[in-house]
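# Understanding the architecture of this molecule
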Amino acid sequence: VLIGVLIIVVAVSAVMIVSGIIQPISQLNQATEKIAQGDFNARAQADSDDEVAELAVSFNKMAGSMQSLIDKVKEDERKMRKADLRLLQEQIQPHFLYNTLDTIVWLIESNEPDEAVTMVVTLSDFFREILSKGKEFISIKEEEKHISSYLQIQEMRYRDILEYDIQVIYKYQILKLTLQPVVENALYHGIKYKRAKGCIHIHGEKEGDIIRLTVRDDGVGMDEEELEQLRQQIEKPCQETEKGFGLAN
């Protein structure tokens, strides 16, 4: 009987000791798996005073440091994207502005003051929309107004070769200047080199959870080799892009 009692006591004690060791290790293992799956808020429990608890404390410090580093990287990426967007906007505005002012001067010298006034008013509308009170995201309707002003100005410059139509949905928000580089490419690399009347079609529709915006032109197009080169360029970071900067951005 005494031996039986001793065996039971030893067995229970062994189970309690093993459980006290295994359970914290199991919890630490579960927290590690969560971290591996990307949940950096996971923490291990450290309720005891043994070495496993010390390991759990160290693990929690490591997880907290990793979370801080990831948050910093995300913030840096956000700032970089914002800087890239501003760089794109700075690229677009002077280039477009210089050409438009040249056209206004040409209209005045050609004794077409009414057309020059219309172009100045349209240019004012264009920059009012592009500034958007400093907002990065604007409604698709605002983006459509911006593109309309842009194309109205270009239509006056290229009156013999350019037509356009715009049919988009207005309900949703979009990153400002999303359509600008695509429409500009359609004009300068598609319609302009056609040397004949061409049309730019801008269409927007909602497909499930996706808003699909399409810019299509009937200009000269490009061959497969040129298309593949462009695809490779726009896969690079925009700072390394030799051409297609606007598309890459």
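Computed from a predicted structure; not experimentally measured.

Thresholds applied
Residues numbered from 1 in each chain as written. Predicted model: local features only at pLDDT ≥ 70, side-chain atom pairs only at ≥ 80, totals over all residues. Heavy atoms only, no water. Phe/Tyr/Trp six-rings, centres within 6.5 Å; stacked < 30°, edge-to-face > 60°. Buried < 20%, exposed > 50% of the residue type's maximum accessible area, 1.4 Å probe, protein only. Helix = DSSP H or I, 4+ residues; strand = E, 2+ residues; numbered from the N terminus. Core = buried A, V, L, I, M, F, W, Y, C linked by side-chain atoms within 4.5 Å. Contact = heavy atoms within 4.5 Å.

## Some details on the packing of aromatic side chains
Scanning the entire structure with this criterion turns up 3 aromatic pairs. Centroid distance phenylalanine 126 to phenylalanine 127: 5.2 Å. Interplanar angle 90°. Geometry classified as edge-to-face. A single burial state applies to phenylalanine 126 and to phenylalanine 127, both of which are buried. Both rings, one in tyrosine 158 and one in tyrosine 188, keep their centres 6.5 Å apart while their planes meet at 85°; by these two values the pair is edge-to-face.

## Quick notes on the environment of arginine 231
As for its placement among the helices and strands, arginine 231 is situated in helix H6 (residues 224-235). Residues arginine 231 and leucine 247, 16 residues apart in the sequence, show an inter-C-alpha distance of 9.5 Å.

## Some points on the nonpolar core
In terms of nonpolar packing, the biggest core is built from 30 residues, with Phe126, Tyr150, Leu151, Val183, Leu187, Ile200 and Ile202 touching the most fellow members. When contributions to this core are tallied by element, the ones reaching two or more residues are helix H2 (51-109), helix H3 (113-131), helix H4 (140-157), helix H5 (180-191) and strand E4 (198-207). When sequence neighbours within four positions are dropped, the list of residues in contact with leucine 151 reads Leu162, Tyr164, Ile166, Val183, Ile200 and Ile202. With 9 residues, the next largest nonpolar core counts Ile35, Ala44, Ala56 and Phe59 among its residues.

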